[in-house]
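So you can see what is in the structure, the chains are spelled out below.
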Amino acid sequence: MNIFDTYAGALKDIITRLGEVGPFPKAIDLSNVTIEPPRDASHGDISTNIALVLTKQARMKPRDIADLVAAELGKIDGVDRGDVAGPGFINISLKANVIQSQVANILKADGQYGRSDVGNQEKVNVEYVSVNPTGPLHVGHCRGAIFGDALASLLDYTGYDVAREYYINDAGGQIDVLARSAYLRYAEALGQDIGEIPEGLYPGDYLIPVGKALADKYGEKWLDKMESEWILPIRKFATDAMMDMIRADLETLAIKHDVFFSELTLHDSGKIQVALDKLEAKGLLYTGVLEPPKGTKPDDWEMRPQTLFKSTDFGDDVDRAVQKSDGSWTYFAADVAYHYDKMERGFTSLIDVWGADHGGYVKRVESVIEALSDGKVSLDVRLCQMVKLLRDGTPVKMSKRSGSFITMRDIVDEVGKDVVRFIMLTRKNDASLDFDFARVTEQSKDNPVFYVQYAHARVHSVLRKAQAAFPALDMSKDSLAEARMSVFTDSSELSLIRNMMNWPRFVKSAALAREPHRIAYYLYELASEFHALWNKGNDNLDLRFIIEDDIEKTRARLALISAVRDIIASGLNILGVEPVTEM
RNA sequence: GCGCCCGUAGCUCAGCUGGAUAGAGCAACGGACUUCUAAUCCGUAGGCCACAGGUUCGAAUCCUGUCGGGCGCACCA
């Protein structure tokens, strides 16, 4: 329960009471009322627009309403006073002890301060990465992977029942290409001269060990055999090998998945047909001919009747094909079945994390979800924009042809997991992001990862020093929570506490908006407040955390910074960044 | 041609789903180290929130249009 909720309740009681005794109508819609900290700290601790919202319903001037409510607020326990300001805002100032005591609340929560139940244990499925198993993960995949992973953690932290999922695209034509490429390496491993890798096959060195493993397992069994004989077993073998590699890559970034879902199983089990039958039953499939697109017309365009899904019924631009010209299912058809399967497994909220280049695919999937669930299941597709790699300001050149693209592993090896994760979360997902190797490894406040980590490490540094100075001092959270919090009177201390009081609200809003980057920004600001307080101790010895001759004051200060530490650690954990205790 | 995303300080970006005088970092300038790690902090300066309308008590935020940038546009994945 955070403090804003507490006073929101009190405020509602006041409105109801005023409704019963006189001035206000009995039934009042409070849905647009906000109860939040004011932007400007001089406006008190809590600000509400309630008078402005009620002005129509109560048919009174905002300021008159505000005066009535403010007078009542002044009587509430813990409220110092309620002021009316501007057009009719009510600013509530809390008594100092209410603010101070929050430190104890944070410590007693034991790292769970900010955890909430807004998610109501709703079953939500977050799908991310979902890369073709045809090669190692490269930089482009990094961002979506980290975003999805952090978002899943954030939702888990806010009371959703989260499943993390990877959709393995192991059924398409590219897997045949993979199998042929692996077959070539297999022949090579058995001593054949394969020369240059032909255009259209995967040239990467990562397939060499796969070829060797194939040779070890099968010997010369597939040599000089027709492709139709070996393609299936080698597809399976190569796909498994690629997935092993991808899983290992993901592990270097601590990206977790609960389920790896194979597209192939949808084809093999007939689930695609089942899902399409559902659409058919709703009258949403038909055979038709698509118009060519208006702009640049494809050269090989030909009019042809196809089985189409009527996605235009749900706001899509054109209806979408579910069957290819050779009669096999389209990628979209499998995706229909996949999302249908998620619904069948009981998820009521689906989140897909894709690269921005798949933006044109969003509407048709949204359409399917709406059609199959009758609007009961929500789909939220989060698109991640590109990452521009830079080295000291100059773009890193990458060319697929020469094979000089940078892999996820390259990046992690160079700058470390924590840096990659944090930096990738310092932008909104739908804004492009610059990743400069020089800048992200810098040890200065220019580098947010470092800055936040440093604040956390600094707290631990003080705690170590304090224990040395006061060997008998009990520094457990329970003990610190009993400290004399009334020592916090300096504006920087109070400002720090107010900032921490905002943590639960931030987490909640970040979860509802599905924007984990807000956590990163919050942490940066909290770290900044902490560093500021630290430096005040340089000028004013009485503001230091450790006061040599005053164990009680020291105890309170340690309580304060332990609370900071708990929140930074919680936030970093959500982002998947390790809160280090020493640097 | 159509759809989606983005235009906020010189640069890179936040802005808590509509709140009060729009905020950080970098770069510029001026200050604070016999320290609980100055790996930090404090101060100054910098804005027609792309532009034009609309919605209302109130708009950077929502709606419409214009301009500028990114992505996508049968059967691939």
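Residues numbered from 1 in each chain as written. Chains lettered and ligands numbered in written order. Predicted model: local features only at pLDDT ≥ 70, side-chain atom pairs only at ≥ 80, totals over all residues. Heavy atoms only, no water.

1. A look at the protein's contact with RNA strand B
And step 1. Close to RNA strand B lie 68 residues, the nearest being S47, K445, Y451, R458 and S461.
And step 2. At 2.6 Å, a side-chain N or O of R39 approaches a base nitrogen of RNA strand B.
And step 3. Between RNA strand B and the protein, one listed contact pairs a base nitrogen with a backbone N or O atom of F545 at 3.3 Å.
And step 4. Those elements that provide at least two residues to the surface near RNA strand B are α2 (50–58), β4 (89–94), α6 (173–189), α12 (362–373), α16 (448–469), α19 (503–512) and α20 (517–539).
And step 5. Split by residue class, the surface near RNA strand B holds 22 nonpolar, 24 polar and 22 charged. (Near = heavy atom within 4 Å. Polar contact = N/O pair within 3.5 Å; in protein donor to acceptor, adjacent residues only side chain to side chain. Helix = DSSP H or I, 4+ residues; strand = E, 2+ residues; numbered from the N terminus. Nonpolar A, V, L, I, M, F, W, Y, C, P; charged D, E, K, R; others polar.)

2. Here we look at the pattern of salt bridges
Pairing between side chains becomes possible if they bear opposite charge and their charged atoms approach one another.
And step 1. Applying the stated criterion across every chain, the model contains 34 salt bridges.
And step 2. Measuring nitrogen to oxygen at the nearest pair gives 2.6 Å for the salt bridge that ties E493 to R557. Remark: R557 occurs in helix α21 (residues 551–575) and E493 occurs in helix α18 (residues 491–501); sequence separation between them is 64 residues.
And step 3. Across the pair K553 and D542 runs a salt bridge whose closest N-O atoms are separated by 3.1 Å. Placement of K553 in helix α21 and of D542 in the loop between α20 and α21 is noted, with a sequence separation of eleven residues between them. (Salt bridge = Lys/Arg side-chain N within 4 Å of Asp/Glu carboxyl O.)

3. Thoughts on the nonpolar core
And step 1. With 129 residues, the main nonpolar core has V69, V420, F435 and M500 as its most contacted residues.
And step 2. Considering every element that reaches this core, the biggest residue donor is α21, with twelve residues.
And step 3. If we ignore the near neighbours within four places in the chain, the residues touching F435 are V387, K388, L389, L390, I411, V415, V420, I423, M424 and V440.
And step 4. Listed in part, the 33 residues of the second largest apolar core include Y167, L350, V362 and V365. (Core = buried A, V, L, I, M, F, W, Y, C linked by side-chain atoms within 4.5 Å. Buried < 20%, exposed > 50% of the residue type's maximum accessible area, 1.4 Å probe, protein only. Contact = heavy atoms within 4.5 Å.)

4. Focus: the packing of aromatic side chains
And step 1. Summed over the entire model, instances satisfying the criterion amount to 21 aromatic pairs.
And step 2. Centre to centre, the rings of Y167 and Y331 are 6.5 Å apart; their planes meet at 55 degrees, and the pair counts as tilted. Residue Y167 is found in strand β6 (residues 161–168), and its partner Y331 is found in helix α11 (residues 331–344); the two are separated by 164 residues along the sequence.
And step 3. By relative accessible area, which is 1% here, Y167 ends up buried.
And step 4. Here F261 and Y338 contribute two aromatic rings whose centre-to-centre distance is 4.8 Å and whose plane-to-plane angle is 45 degrees, an arrangement assigned as tilted. Highlighted residues: F261 in strand β7 (residues 259–262) and Y338 in helix α11, separated in sequence by 77 residues.
And step 5. Judged by relative accessible area, F261 falls into the buried class, the value being 11%.
And step 6. Linked through ring pairs, Y167, F261, F309, F314, Y331, F332, Y338, W354 and Y361 together constitute an aromatic cluster.
And step 7. Just above the ring of F347 sits the side chain of K123; from NZ or CZ to the centre is 4.8 Å. (Phe/Tyr/Trp six-rings, centres within 6.5 Å; stacked < 30°, edge-to-face > 60°. Lys NZ or Arg CZ within 6 Å of the ring centre and 35° of its normal.)

5. Some thoughts on the sheet that holds strand β5 (residues 123–127)
And step 1. Taken together, five strands build an open sheet; the order of strands is β7-β6-β5-β11-β12 and the sheet is parallel. Edge positions in the sheet fall to β7 and β12 (378–384), since each has one partner strand and no second. Geometrically, the sheet is characterised by an average inter-axis angle of 25 degrees between neighbouring strands, direction not taken into account.
And step 2. Bridge analysis of β6 against β7 gives four bridges, and the strand direction is parallel. For Y167, the partnering residue across the bridge sits in β7 and is F261.
And step 3. Along the sheet, helix α5 (residues 139–157) makes contact with β5, β6, β11 (349–355) and β12, crossing β6 at roughly 160 degrees. (Pairing = 2+ DSSP bridges. Axes fitted to C-alpha atoms, helices over the stretch in contact; angles between N-to-C directions.)

6. Regarding the sheet that holds strand β2 (residues 46–48)
And step 1. Taken together, four strands build an open sheet; the order of strands is β1-β2-β4-β3 and the sheet is antiparallel. Strand pairing shows two members of the sheet lacking a second neighbour, β1 (35–36) and β3 (79–85), which therefore form its edges.
And step 2. For β1 and β2, the ladder comprises two bridges, and the chain directions are antiparallel. The residue bridging I35 from the neighbouring strand is T48, located in β2.

7. Considerations on helix α3 (residues 62–73)
And step 1. Given a rise of 1.5 Å per residue, twelve residues ought to cover 16 Å, and the 16 Å separating the end C-alpha atoms of α3 matches this to within 8%.
And step 2. Along α3, the residues classified as buried are I65, A66, V69, A70, E72 and L73. Buried residues in α3, looked at end-on, bunch into an arc of 155 degrees, giving them a common side.
And step 3. Where α3 is buried, its residues contact α1 (3–21), α2, β3 and β4. (Expected span 1.5 Å × (residues − 1). Arc of directions from axis to C-beta.)

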